[in-house]
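# Understanding the architecture of this molecule
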Amino acid sequence: MLYYFYGPDSYRRNKGLNSSIAEYKKKRSMTDLAVFDLAEEPEGWIKARDFLNQPSMFVDSKVLVIKESGAVAEKEWVKILKSNLETPRVFIMISDAKNPLKAFEFLTESPVKKDFFGELEGQFLELFVKRETAVRGLHFEKEAWIFLLDYFAAAAERSWVIINELNKISLLGLSEPIKSDDLKSVIAYAPQDEVFETAKQIMWSRDWIQKAKLLECLLLQKKEPAHIFNSLAFLAKGKELVRMADYDIVIKSGNLDYEEALLDFVLP
């Protein structure tokens, strides 16, 4: 049986892989397990082949863990994986950072059990941050929360950044609810990306047509609507801040999505 964990979010991908390995070990007191990283050791596929062909003397099943399976394009390697798609008592767990090459596309098809771990965005990002802050017992003021989400949304390897930053914040013992000024003193982040710069133009413009054009430009560029919303909320003051807070409540209740809220915000 094959399990395929893939995608750029290495933190959640590794967590999924390790959880599956732990689950296997929990069910079996003795384990025949081998791990090979083909990006670091391209010839590891030969050792993996030999491991699969070698009979297990003390256990009735075995687990092969492969990292970066696509680093090797040998036809025999592809054939080995395909031949074990439904082999009983043989569990092959593969973890790849990128989508599979054409020769390995069968890994995303039945009967392979697959799980994709893309970069967290929008509501999935916020839900992940909420869960991790709850685990650590952290509480943030509204402005600090928006700053935090905007910072995470602009980061690469977001899950790792989220975990590392929240661990750091939890160790500082900041008074709660944590304020944005306290966060800015420990997080070196100045939101100067393209979305934030355009958000400033939207917020400062007094022409709703110009606002709509700027928003349309961002959406046509496939910018994440949640990131646009958080950038505008970070800049908002007075009545506009109240409006953004109201939108936020309606979005989280499921009665509005980010694009609808943004459009309503820029229209007269």
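The sections below set out a description of the structure shown in this document. (Residues numbered from 1 in each chain as written. Predicted model: local features only at pLDDT ≥ 70, side-chain atom pairs only at ≥ 80, totals over all residues. Heavy atoms only, no water.)

The next point concerns the overall build of the protein. For the protein, the count of helices and strands is 12 helices and 5 strands. Against the globule reference of 18 Å for 268 residues, the protein gives a C-alpha radius of gyration of 24 Å, more extended than a compact globule. Each principal axis of the C-alpha distribution contributes one length, and for the protein these read about 75 × 40 × 35 Å. Put simply, of all contacts in the protein between residues at least 6 apart along the chain, 73% involve residues at least 24 apart. Positive and negative charge centroids in the protein, built from 37 and 42 side chains respectively, lie 3 Å apart. (Helix = DSSP H or I, 4+ residues; strand = E, 2+ residues; numbered from the N terminus. Rg over C-alpha atoms; globule rule 2.2 N^0.38 Å. Contact = heavy atoms within 4.5 Å. Lys, Arg positive; Asp, Glu negative; His and termini not counted. Charge placed at Lys NZ, Arg CZ, Asp CG, Glu CD.)

Turning our eyes to something else, we now look at the environment of K47. Following the sequence through the fold, K47 ends up in helix α2 (residues 44-53). Note on K47: relative accessible area 44%, which makes it partly exposed. Taking the C-alpha atoms as reference points, K47 and V35, 12 residues apart in sequence, are found 9.7 Å from one another. Excluding its chain neighbours within four sequence positions, the residues that come into contact with K47 are F36 and E41. Of note is the side chain of K47, whose polar atom sits 2.6 Å from the side chain of E41. (Buried < 20%, exposed > 50% of the residue type's maximum accessible area, 1.4 Å probe, protein only. Polar contact = N/O pair within 3.5 Å; in protein donor to acceptor, adjacent residues only side chain to side chain.)

Let us look at the packing of aromatic side chains. Counted by the stated rule, this structure contains 12 aromatic pairs. Arranged with centres 6.0 Å apart and planes meeting at 35°, the rings of F147 and F234 form a pair that is tilted. Taken together, the residues F147 in helix α5 (residues 142-153) and F234 in helix α10 (residues 225-235) connect sequence positions 87 residues apart. Residue F147 shares its accessibility class with F234, and that shared class is buried. Members of the aromatic cluster, connected to one another through ring pairs, are Y4, Y6 and F116. Over the ring of F51 we find K62, and its NZ or CZ is 4.7 Å from the ring centre. (Phe/Tyr/Trp six-rings, centres within 6.5 Å; stacked < 30°, edge-to-face > 60°. Lys NZ or Arg CZ within 6 Å of the ring centre and 35° of its normal.)

With that settled, the discussion passes to helix α1 (residues 10-27). For α1, built from 18 residues, the straight-helix expectation of 26 Å at 1.5 Å per residue is met to within 8% by its first-to-last C-alpha distance of 26 Å. Burial in α1 covers these residues: S10, Y11, R13, G16, L17, I21 and Y24. In this fold, the buried residues of α1 make contact with β1 (2-6), β2 (32-37), β3 (62-67), β4 (90-96), α4 (122-136) and α6 (158-172). Sitting at the head of α1, D9 places a side-chain oxygen 3.3 Å from the backbone nitrogen of Y11. (Expected span 1.5 Å × (residues − 1).)

As a further point, take the nonpolar core. Counting residues in each nonpolar core, the largest one holds 50 residues, and the members touching the most others are F140, L148, F152, L183 and L232. Those elements that place two or more of their residues in this core are α4, α5, α6, α8 (194-204), α9 (208-220), α10, α11 (238-252) and α12 (258-266). Considering every element that reaches this core, the biggest residue donor is α5, with 9 residues. Leaving out residues up to four positions away in the same chain, L148 has contacts with F140, L166, I169, L183 and I187. Grouped together as the second largest cluster of nonpolar side chains are 25 residues, L2, V72, L81 and V112 included. (Core = buried A, V, L, I, M, F, W, Y, C linked by side-chain atoms within 4.5 Å.)

This brings us to the pairing of β4. Counting buried residues along β4, 7 of its 7 residues qualify, which places the element largely inside the surrounding structure. A two-sided burial pattern is seen for β4, the buried positions comprising V90, I92, I94 and D96 on one face and F91, M93 and S95 on the other. With 5 bridges connecting them, β1 and β4 associate as parallel partners. By the bridge assignment for β4, Y6 is matched with D96. (Pairing = 2+ DSSP bridges.)

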